Structure formats: structure tokens, C-alpha cells
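As a plain string of letters, each chain reads:
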Amino acid sequence: MEQAQVTIAPARGKLGVLLPGMGAVSTTVIAGIELIKKGLGRPIGSLTQYGTIRLGKRTDNNSPLIKDFVPLARLEDLVFGCWDIFEDNCYEAALHAGVIEPSRLEAVRPELEAITPWTAVFDQQYVRRLHGPHVKKGQNKHDLAQQLMEDIEMFRGQHEVARLVMLWCGSTEILTEIEEVHKTLQSFEEGLKANHPAITSSMIYAYAALMSGVPFGNGAPNLTVDIPALLELATDRGVPVCGKDFKTGQTLMKTIIAPALKARQLGLNGWFSTNILGNRDGDVLHDPDSFKTKERSKLGVLEYILQPELNEDLYGQYEHQVHIHYYKPRGDNKEGWDNIDLFGWLDYPMQMKINFLCRDSILAAPLVLDLVLFLDLAQRSGLSGIQEWLSFYFKSPMCAPFLYPEHDLFIQLTKLKNTLRYLRGEEQITHLGIEYYQQP
Ligand SMILES: NC(=O)c1ccc[n+]([C@@H]2O[C@H](COP(=O)([O-])OP(=O)(O)OC[C@H]3O[C@@H](n4cnc5c(N)ncnc54)[C@H](O)[C@@H]3O)[C@@H](O)[C@H]2O)c1
């Protein structure tokens, strides 16, 4: 089906990238982009930089790079601004994160030293294992949101950016459930003024972004922008949003393997996942209430992919466990083990073991880059509210309340690419392929 082409405003001028949280992920993204700009590294893992998109028939041999097909901001046009509860500049924070080695950081040291974080909106009530001195003071949460908006406007003017995007790269907050205060914009704004305890710090950032017309993405599993009040605001202001929780290591593998089991109709008795991780994120997740937020995000995927309600025989009984252990010696170099107990023809049991020795922030950084560029594209294309086509990047993809989230990585990729085709008025690719074999 041919689509009418959407009008996409050009990606002219600088794009400001606002990152609440200047820890391992943010510093790896910023240092990485500065290294790449100098030809000292490659943006591996980034769909926007390396991915191609097929257009038309397979016989057309037309598969341009995604970045040549849709107008995206250039890496040279990105300017970064961060908030953190620690005063360290981006170079010091990158050293502390220990992801990129100091000798390699030296080449971009001046660029990183120039990025000093603004004081954060932070309350230890929501991230218990962190204490930081670099925190805003305000009369109430509404006042704190105003201060964030002032930071945003100051940054906009100082760097003369044409557009902005905000992506939450702060710590995982404790589990919060949707309450009355989250249900309408009016109750949320009243709650801000009344310092309602169910309004977390990350929600205040999301509110400030949307009020400033800035697209907002959430890299952590916290509710943040995924509440009716802020979705109402996003729609009212015509601002795109997406989340939650970057899909990087173990869950990435899970959303690759589980669809394969289901596709072949192999049964599942159990899936046991465990990890060791020694970075600050691992430390924060040591608090059981922060872990609960992460656990919920990680546990959901199998149920949606396997759909036990449709296939009780194969998926009605399985046990799924996820564990994360803070183990300092590993730093950012996470190790994950998965034991999958499956069964096949005549119920014969089998096992699959996955041992993924990955690097947390190295896997997350290209996702941040892609999300920044795609959220900006979404806004220039006039898209607003939940961007379900960006589910590809998340463990708990946001979707409309009457839908279930799509977790299968390959369906997510198809959805993403078809959205790009839609934006450019290109035919959707259904993979039917019958046209190559049937005579007209
Ligand atoms: N592969 C991955 O690395 C990965 C995957 C999925 C999700 N995540 C999520 O991304 C987030 C960032 O991960 P990380 O490894 O960079 O963690 P990190 O602990 O290294 O960095 C988080 C930073 O956020 C800061 N912070 C916390 N609360 C803040 C607030 N209210 N305002 C401003 N700053 C605040 C902390 O001081 C810290 O510097 C975490 O929530 C993590 O769960 C990471």
C-alpha cells in the first residue's frame, strides 16, 4: 500500500541532548560520540548509523542506509547537557564509570571536561542507595520542575540549539504504582504543588521536558512518563515520548530466543536468569525496592511473547526467575547466565545455556544515540504521544492502554522500519513474496 508522504521538517541546526543522570551510560555515549567525531571509534550497535532499509521489491536491489533514507541529525550537531547528584564533570564521571579506559578518554578530555552537570532534582526516598550533594532545593516539586525548565531554557540559549531531546539515564527508582495523582494532568499538577510522595524525581524531569516541548524517552524501568497525566500532557503539547528500560543484555537475548521457541512450537518448563554486575547501577539495584522495578520489567517479556493463554500445553506451566547480584570486581562488565528448560516431540526434555559476557554501557550507548535521533525525527514528523515503533529499544515498551506490548525483537524491528517507510511514503514490506512466483 502506497502511503502519502509525511512532511518532515529538516534536521537543520544543533540538537541539544539532555540527559538526567551522568553515569556509566551517559558518559559512554558522550565520550563515544566525541571519539567517533574525531575518527577514533566506530558507532557499532547503532541502527541509525549502520542499518539499511529495503525499499520496494527484492529484485529492485534498493537498500539505502537508514540515515540516508530519513533526515536525521548529524553527530556533529549534537550538544550535551546533563544533571547529576554528583558534581564531577563528564570526564571525571567517565573515569569513575570505568567503561572506556583513561588512555582513550584523553583524546576527548577537553570536550568532556566542558560538560559539568546541573544540580539534580533528587530525593533519596526513590533511590535509597545513593547520597549526593549536588541537588536542587525548592519550595515544592512544582518549584523544582520550574528550575529544570529554567536549566533547559538556559541551555537552549547558551548553545543556540534548534531542537532538544531528553532521555532519562538516571538511576532506577523504587517501584511505584499508578495512583489517583497520576491519572490526570490537573491532579498531577496539584500533586506537584502539594509535594505528593507518589511523584518521583524522574516524573518531575519528564514533566519539565514536556512543558518545554521537548521529546522524552526513559531508559530505566521507572514509571516516569508512562502515567496518564504525562501522556495527556504529551498529546496536548504534541510531543513524542517513549520508554521504558533499555533492552541491552539478557533481555535482548530473551526476546530473540523466546520467539524462536514459540515459532517452532517447542515447550518451556522453566527459564532461570542470573547476572553479576559491579557498576553503580548494580549497586542501586541491590536495594530490593529498586530491584522490584527492574524485575517487573525483565519478567514481563516471556509472558507476552509466549502467550500462555493461547497455548496452555506448551507455555501454561513454566517458571521464570530473574536475579541480579551486585559483584563489585566486574564493574560494568556484566556476566549473565540463562538456563532454559525446554521440551520437544513426545515431551522429551532439553536444555539450553546462554553465558553472555557483555558490557552494559557498551550495549546501551548505541541505543541512546538511536533514540535521540529517532525521537527528534518523530517530533520533526509531527508524531506525538507514545512512539510504539521505538519498542525495539526497550524491555517494557510503552503502548496504548488497550494494547499489549510487542516484545519480539524481530516484530519490533519490522514495526520500526515500516514506520520509517510510512514517514517517507514508501510501500510497507509484508514479506509475502508471492508476487515473485505467480504469473500475472
Ligand atoms: N545496559 C545498561 O547499561 C542499561 C540497560 C537498561 C537500563 N539501564 C538503566 O539506565 C540507567 C543508567 O544506567 P547507568 O549504568 O548509567 O547507571 P549509573 O548508576 O552509572 O548512572 C546513573 C546516574 O544517575 C544519577 N542520578 C540518579 N538519580 C538522579 C536524579 N534524580 N537526577 C539526576 N541524576 C540522577 C546517579 O548519580 C548516577 O550518576 C539506570 O536506571 C539503568 O537501570 C541501563
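Residues numbered from 1 in each chain as written. Predicted model: local features only at pLDDT ≥ 70, side-chain atom pairs only at ≥ 80, totals over all residues.

1. Describing unusual backbone geometry
Part 1 of the argument: Between Gly 243 and the following residue, Lys 244, the backbone shows a cis peptide bond with an omega angle of -10°.
Part 2 of the argument: Relative to the assigned elements, Lys 244 resides in the loop between β6 (240-242) and α11 (250-263).
Part 3 of the argument: Despite not being glycine, Gln 265 shows a phi value in the positive range, around 55°.
Part 4 of the argument: With respect to the secondary-structure elements, Gln 265 resides in the loop between α11 and β7 (267-277).
Part 5 of the argument: Under the C-beta neighbour-count criterion, Gln 265 is labelled exposed, with 11 such atoms within 10 Å.
Part 6 of the argument: At Gln 307, a position not held by glycine, the phi torsion is positive, near 45°.
Part 7 of the argument: As for its position among the elements, Gln 307 is in the loop between α13 (288-306) and α14 (312-315). (Helix = DSSP H or I, 4+ residues; strand = E, 2+ residues; numbered from the N terminus. Buried ≥ 20, exposed ≤ 12 C-beta atoms within 10 Å, placed from the backbone.)

2. So, the sheet that holds strand β1 (residues 14-20)
Part 1 of the argument: Across the sheet, which stays open at both edges, the seven strands sit in the order β3-β2-β1-β4-β5-β6-β11 with parallel pairing between neighbours. A strand with exactly one partner marks an edge of an open sheet, and here the two such strands are β3 (118-119) and β11 (385-386).
Part 2 of the argument: Pairing geometry for β1 and strand β4 (residues 161-168), over five bridges, is parallel. Across the sheet, Leu 18 pairs through a bridge with Met 166, a residue of β4. (Pairing = 2+ DSSP bridges.)

3. A word on the site of the ligand
Part 1 of the argument: In the vicinity of the ligand there are 35 residues, among which Gly 21, Gly 23, Val 25, Ala 220 and Arg 280 approach most closely.
Part 2 of the argument: It is helix α15 (residues 360-380) that provides the largest number of residues to the shell around the ligand, a total of four residues.
Part 3 of the argument: Taken together, the residues of the shell around the ligand sort by class into 19 nonpolar, 11 polar and five charged.
Part 4 of the argument: Counting the residues that make up the shell around the ligand, at least three belong to each of domain 1 (14-246 + 362-423) and domain 2 (250-357). (Near = placed C-beta within 6 Å. Nonpolar A, V, L, I, M, F, W, Y, C, P; charged D, E, K, R; others polar. Domains from an automatic or database assignment.)

4. A short note on the sheet that holds strand β9 (residues 335-343)
Part 1 of the argument: Spatially, four strands are ordered β8-β7-β9-β10 in an open sheet, and the strand pairing comes out mixed. One side of each edge strand has no neighbouring strand; the edge strands of this open sheet are β8 (319-326) and β10 (349-357). Strand-to-strand twist in this sheet, taken as the mean axis angle between neighbours without regard to direction, amounts to 10°.
Part 2 of the argument: Sheet topology note: the β7/β9 ladder contains nine bridges and is antiparallel. Bridge pairing in β9 places Gly 267 opposite Phe 343.
Part 3 of the argument: Each of β7, β9 and β10 touches α11; the most contacted strand, β9, lies at about 15° to it. (Axes fitted to C-alpha atoms, helices over the stretch in contact; angles between N-to-C directions. Contact = placed C-beta atoms within 7 Å.)

5. Here's the deal with the nonpolar core
Part 1 of the argument: Ranked by size, the top nonpolar core spans 99 residues in total, and within it Val 165, Ile 204, Leu 230, Val 368 and Leu 371 carry the most contacts.
Part 2 of the argument: At 13 residues, the largest contribution of residues to this core is made by α15.
Part 3 of the argument: Not counting chain neighbours up to four residues away, the residues in contact with Leu 371 comprise Leu 167, Gly 217, Cys 242, Leu 390 and Tyr 393.
Part 4 of the argument: By size, the runner-up hydrophobic cluster in this structure holds 12 residues, among which are Ala 258, Leu 314, Ile 340 and Leu 342. (Core = buried A, V, L, I, M, F, W, Y, C linked by C-beta atoms within 7 Å.)

6. Section: helix α1 (residues 24-37)
Part 1 of the argument: The end-to-end C-alpha distance of α1 is 20 Å, a good match for the 20 Å that 14 residues give at a rise of 1.5 Å each.
Part 2 of the argument: With 11 of 14 residues buried, α1 lies mostly within the body of the structure.
Part 3 of the argument: Of the residues making up α1, those classed as buried are Ala 24, Val 25, Ser 26, Thr 27, Thr 28, Val 29, Ile 30, Ala 31, Gly 32, Ile 33 and Glu 34.
Part 4 of the argument: Gly 39 sits one or two residues past α1 and shows a positive phi near 75°. (Expected span 1.5 Å × (residues − 1).)

7. What to know about the environment of Arg 12
Part 1 of the argument: Note that Arg 12 resides in the segment before β1.
Part 2 of the argument: Given 12 C-beta atoms within 10 Å, Arg 12 falls into the exposed group.
Part 3 of the argument: Sequence-wise, Arg 12 and Val 161 are 149 residues apart; in three dimensions their C-alpha atoms are separated by 9.8 Å.

8. Describing the domain arrangement of the protein chain
When the parts of a complex come together, some accessible area is lost, and that lost area is often used as the size of the interface.
Part 1 of the argument: Taken domain by domain, the protein chain comprises domain 1 (14-246 + 362-423) and domain 2 (250-357).
Part 2 of the argument: Between domain 1 and domain 2, the residue contacts involve 26 residues of the former and 26 residues of the latter.
Part 3 of the argument: Tallied by class, residues from the side of domain 1 that touches domain 2 come to 12 nonpolar, seven polar and seven charged.

9. Topic: helix α4 (residues 90-97)
Part 1 of the argument: Among all positions of α4, only Cys 90, Tyr 91, Ala 93, Ala 94 and Ala 97 are buried. Viewed along the axis of α4, the buried residues span an arc of 165°, placing them on a single side of the element.
Part 2 of the argument: Buried positions along α4 lie against α1, β2 (78-84), α5 (102-105), α6 (109-113) and α15.
Part 3 of the argument: Downstream of α4 by a residue or two, Gly 98 has a phi angle that is positive, lying close to 70°. (Arc of directions from axis to C-beta.)

10. Some remarks on the environment of Thr 235
Part 1 of the argument: Following the sequence through the fold, Thr 235 ends up in helix α10 (residues 228-237).
Part 2 of the argument: Owing to 15 C-beta atoms within 10 Å, Thr 235 belongs among the partly exposed residues under this scheme.
Part 3 of the argument: Put simply, Thr 235 and Leu 210 are 25 residues apart on the chain and 9.5 Å apart in space, counted from C-alpha to C-alpha.
Part 4 of the argument: Once residues within four sequence positions are removed from consideration, Thr 235 is found in contact with Ser 384 and Gly 385.

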